[in-house]
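Notes for the structure review
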Amino acid sequence: MPLEDRSTIPGDIENAYIISIGKSAEAMRYLHRPRGNIKSQTLNFSIPFFELYQHTHSLPSVAQRLNSQSEKERAEGLRKWFYSNHHSTEKLRQGLELFNWYQKILIDSMVIRIEK
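Residues numbered from 1 in each chain as written. Predicted model: local features only at pLDDT ≥ 70, side-chain atom pairs only at ≥ 80, totals over all residues. Heavy atoms only, no water.

Some thoughts on helix α2 (residues 38-56)
End to end, α2 covers 27 Å across 19 residues, agreeing with the expected 27 Å (1.5 Å per residue, within 8%). Turning to α2, its buried residues are I38, Q41, T42, F45, S46, P48, F49, L52, Y53, H55 and T56. As for α2, its buried residues are in contact with α1 (10-32), α3 (60-66), α4 (72-83) and α5 (89-108). Put simply, N37 is the residue that caps the front of α2, since its side-chain oxygen is 2.6 Å from the backbone nitrogen of K39. (Helix = DSSP H or I, 4+ residues; strand = E, 2+ residues; numbered from the N terminus. Expected span 1.5 Å × (residues − 1). Buried < 20%, exposed > 50% of the residue type's maximum accessible area, 1.4 Å probe, protein only. Contact = heavy atoms within 4.5 Å. Polar contact = N/O pair within 3.5 Å; in protein donor to acceptor, adjacent residues only side chain to side chain.)

Put into structure tokens, the structure is as follows:
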């Protein structure tokens with residue numbers, strides 16, 4: 001079965017989202033107090049974020065937002081960011097900004113629900 005034909009399991013989305021949140025917090029800590037290797041820090045953040053993206057980008061409500069005229073440029077920037085081999089604090093900072101933007105899309109699309 002082709003990858004596109006598999007349905008996404010909500011638990012997979014939730015798991016990828018929770019891991020991405022944790023890794024984004026670690027990345028922010030790194031930016032405030034750099035310790036260790038920037039490449040491994042960037043990969044530790046980008047891999048779960050990419051997994052979240054893979055589970056959600058083709059959902060109709062998310063795809064509609066990503067293909068909208070106002071979001072197309074940023075969506076293309078996100079795809080380029082995922083496939084970039086450049087590792088720097090600036091790339092990590094850009095990834096965190098893209099994660100915040102994508103997270104808002106997921107919340108607005110009701111893919112992710114924040115319960116009070």
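There's more to say after this.
Some remarks on the nonpolar core
The biggest cluster of nonpolar side chains holds 26 residues, and the ones touching the most others in it are F45, F49, L66, L78, W101 and Y102. At the level of elements, α1, α2, α3, α4 and α5 are the ones that each hand at least two residues to this core. Looking at which element gives the most residues to this core, the answer is α5, with 8 residues. If sequence neighbours within four positions are ignored, Y102 has contacts with F49, Y53, T56, H57, V62, L66 and L78. (Core = buried A, V, L, I, M, F, W, Y, C linked by side-chain atoms within 4.5 Å.)

Some thoughts on the packing of aromatic side chains
In this structure the tally under the stated criterion is 14 aromatic pairs. Measuring from centroid to centroid gives 5.9 Å for F50 and Y83, while their planes differ by 75 degrees, and the two rings are edge-to-face. Note that F50 is positioned in helix α2 and Y83 in helix α4, a separation of 33 residues in sequence. Residue classification places F50 among the partly exposed residues on the basis of a relative accessible area of 25%. Taking 5.7 Å as the distance between ring centres and 55 degrees as the angle between the ring planes, the aromatic pair formed by Y53 and Y102 counts as tilted. With Y53 in helix α2 and Y102 in helix α5, this residue pair connects regions lying 49 residues apart in the sequence. (Phe/Tyr/Trp six-rings, centres within 6.5 Å; stacked < 30°, edge-to-face > 60°.)

A short note on the packing of α2 against α5
The contact between α2 and α5 brings their axes to 11 Å, and the two run at 20 degrees. In terms of orientation, α2 lies roughly parallel with respect to α5. Crossing of α2 over α5 shows left-handed handedness. Residues I38, Q41, T42, F45, F49, L52, Y53 and T56 of α2 touch α5, and the partners they reach there are T89, K91, L92, G95, L96, L98, F99, Y102 and L106. Classifying every residue of the contact of α2 with α5 by side-chain character gives 11 nonpolar, 5 polar and 1 charged. (Axes fitted to C-alpha atoms, helices over the stretch in contact; angles between N-to-C directions. Parallel < 35°, antiparallel > 145°, perpendicular 65-115°, else oblique. Left-handed = near helix turned anticlockwise from the far one by under 90°. Nonpolar A, V, L, I, M, F, W, Y, C, P; charged D, E, K, R; others polar.)

Overview of α4
With 12 residues, α4 extends 17 Å between its outermost C-alpha atoms, agreeing within 8% with the 16 Å of an ideal straight helix rising 1.5 Å per residue. Regarding α4, the residues found buried are A75, L78, W81 and F82. Seen end-on, α4 carries its buried residues on one side only, within an arc spanning 115 degrees. Residues of α4 that are exposed and point over 90 degrees away from its buried face: E73, K80 and Y83. Where α4 is buried, its residues meet α2, α3 and α5. (Arc of directions from axis to C-beta.)

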